[in-house]
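# Structural features, examined
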Amino acid sequence: MMEIYVSTDIEADGPAPGLNSMLSVASAAYLPDKKLIGTFSANLELLPGATSDPETMRWWETKNDAWIACRKNTRPPESAMSEYVSWLKGLPGNPVFVGYPAAFDFMFVTYYLYRFAGESPFSYFALDIRTYAMALMKKPFWDISKSVMPSRWFDNLPYTHVALDDAISQGALFCNIMAENMKAPPIVDMYDKSNG
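Here is a short report on the structure shown in this document. (Residues numbered from 1 in each chain as written. Predicted model: local features only at pLDDT ≥ 70, side-chain atom pairs only at ≥ 80, totals over all residues. Heavy atoms only, no water.)

### What to know about the packing of helix α3 (residues 77-89) against helix α4 (residues 102-116)
Heads up, the condition is: A fitted line through C-alpha atoms represents every axis, and for helices the fit uses only the stretch in contact; the resulting angles, taken between N-to-C directions, go from 0 to 180 degrees. Comment: elements are numbered from the N terminus, with helices defined as DSSP H or I runs of at least four residues and strands as E runs of at least two. Here the angle decides the label: under 35 degrees means roughly parallel, over 145 means roughly antiparallel, 65 to 115 means roughly perpendicular, and every other value means oblique. Contact definition: two residues touch when any of their heavy atoms are within 4.5 Å. We call Asp, Glu, Lys and Arg charged. Ala, Val, Leu, Ile, Met, Phe, Trp, Tyr, Cys and Pro are nonpolar, and the rest, Gly among them, are polar.
In the contact formed by α3 and α4, the axes pass within 9 Å of each other and the chain directions differ by 105 degrees. Classified by the interaxial angle, the pair formed by α3 and α4 is roughly perpendicular. Contacts from P77, E78, M81, S82, Y84 and V85 of α3 reach α4 at V109, Y112, L113 and F116. Its residues assigned to classes, the contact of α3 with α4 comprises 8 nonpolar, 1 polar and 1 charged.

If you want it as structure tokens, here you go:
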């Protein structure tokens, strides 16, 4: 089956799932040619017993519009994550989790999927956009940020800290990086015995 690149962004009230709550989750599903074939978005009720991280909440105070957006029409995590699993399984290919940073978004999504839906269509894998850019730009990881990436990689799309906006923007960014990478000649393994 073909791969579907599921660019995913979450917003949270702290750095650790379970201790803190995922406020919203959104995904934008892209074909390899950058065709957007579907989106999913949900704002979530807070986890019982979880607390908000004070440093994170100070950051949220500077993002009032995004905070308001992620607190509208909140839903129980049980229903939202079950619907999310159904949406992922309905995609016409294998879903590949894509994030920026993938480690942060993936751990929240994985925790919520297993806790509230009992499974994850992503399995245990996530593709990190920053790491992909590091490899293509041939720079150390800590030298990579969106501000140093080539402008040709960015479409005219908003980054607002509203999960769906960022999932769409980052998915387009990933597809642009992947398209450029695919134009490069493949690396030949000189030790591959199948080559003689």
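Resuming the write-up.
### Overview of the pattern of salt bridges
Two side chains of opposite charge can pair, provided their charged atoms sit close to one another. What counts here: We define a salt bridge as a side-chain nitrogen of Lys or Arg found within 4 Å of a carboxyl oxygen belonging to Asp or Glu. Note on exposure labels: buried denotes an accessible area under 20% of the residue type's maximum, exposed denotes more than 50%, and partly exposed covers the range between, all computed with a 1.4 Å probe on protein chains only.
Per the stated rule, a full pass over the model turns up 4 salt bridges. One salt bridge connects K34 with D155, and the closest N-O pair in it is separated by 2.8 Å. Separated by 121 residues along the polypeptide, K34 in the loop between β2 (22-30) and β3 (36-43) and D155 in the loop between α5 (129-137) and α6 (163-183) bring together distant segments of the chain. The exposure class of K34 is partly exposed, given its relative accessible area of 30%.

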